[in-house]
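Fold and geometry: a report
The residues making up each chain are set out below.
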Amino acid sequence: LSGGYPEVYAKELSQNKSMIESIKHALLSNMPCIAECGGFIYLHESIISEDENEYNFVGAIKGKCHKTTKLKRFGYIEAKALKNTVLCDKNEILKAHEFHYYESDNDGQDFFIQKPGNKNQWITGYGNKNQYFGFPHIFLYGNIKAAFRFAEAVRDFEL
């Protein structure tokens, strides 16, 4: 579930119940998945749109997302895994990029983020043996092992 702007189609996405149930079932079955930025937003229980309406989304992540008054995170980052995940082992580094106006009230605790060249750091994202969810867009070419690990998880998955 790649980045994008689910907030633009929040009403339509919330009304597509068959897609929501299909995605929820796949994730609960531990289907390998990478959900970044807009995909991460879509996995939350709900979103509060710019017009202050709340729309229900997938619900794989407890909590909601809301628009902020300005760009929250922007630029290149390094994400250090705080545990073993589908993309990397604990303490391995992933290169990534963030760019979003929305925030989550349940951002995750599985990656330590550092902006190269300054002291900005935070904890974010979810990872397990088959899934990665978070605002950061992972640059898989920056750690090619991560791409191979995800491909192996897909290959080995049985529904």
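Look a little higher up for the structure.
Values in this document were obtained by computation on a predicted structure and should not be read as measured data. (Residues numbered from 1 in each chain as written. Predicted model: local features only at pLDDT ≥ 70, side-chain atom pairs only at ≥ 80, totals over all residues. Heavy atoms only, no water.)

Pairing within the open sheet is antiparallel, and its five strands lie in the order 9-8-5-6-12. At either end of the open sheet lies a strand with only one pairing partner, and these are strand 9 (121-124) and strand 12 (137-138). Taken together, the four bridges between strand 8 (residues 111-114) and strand 9 define a ladder with antiparallel strand orientation. Looking at strand 9, one finds that F111 is bridged to T124. (Pairing = 2+ DSSP bridges. Helix = DSSP H or I, 4+ residues; strand = E, 2+ residues; numbered from the N terminus.)

Looking now at the sheet that holds strand 4 (residues 61-67). The strands that make up a sheet are held in pairs by hydrogen bonds between backbone atoms, and each pair lies either parallel or antiparallel. Strand order in the open sheet formed by four strands is 3-2-4-7, and the pairing between neighbours is mixed. Each edge of the open sheet carries a strand with a single partner, namely strand 3 (54-56) and strand 7 (102-104). Sheet twist, expressed as the mean angle between neighbouring strand axes with direction ignored, is 20°. As defined by bridge partners, strand 2 (residues 44-48) adjoins strand 3 across three bridges and the pair is classed as antiparallel. Looking at strand 3, one finds that I47 is bridged to Y55. (Axes fitted to C-alpha atoms, helices over the stretch in contact; angles between N-to-C directions.)

Time to look at unusual backbone geometry. Backbone geometry places N30, a non-glycine residue, at a positive phi of 65°. Note that N30 resides in the loop between helix 2 (17-28) and strand 1 (33-36). Residue N30 is classed as partly exposed on the basis of its relative accessible area of 34%. With a phi close to 75°, N91 is a non-glycine residue in the positive phi region. Relative to the assigned elements, N91 resides in the loop between strand 5 (73-81) and strand 6 (93-100). (Buried < 20%, exposed > 50% of the residue type's maximum accessible area, 1.4 Å probe, protein only.)

Okay, the environment of G59 next. Looking at where G59 falls in the secondary structure, it is placed in the loop between strand 3 and strand 4. A relative accessible area of 18% places G59 in the buried class. The spacing of G59 and E45 is 14 residues in sequence and 3.7 Å in space, taken between C-alpha atoms. Apart from residues no more than four positions distant in its own chain, G59 is found in contact with L43, H44 and E45. (Contact = heavy atoms within 4.5 Å.)

Shape descriptors only; they carry no functional weight alone.
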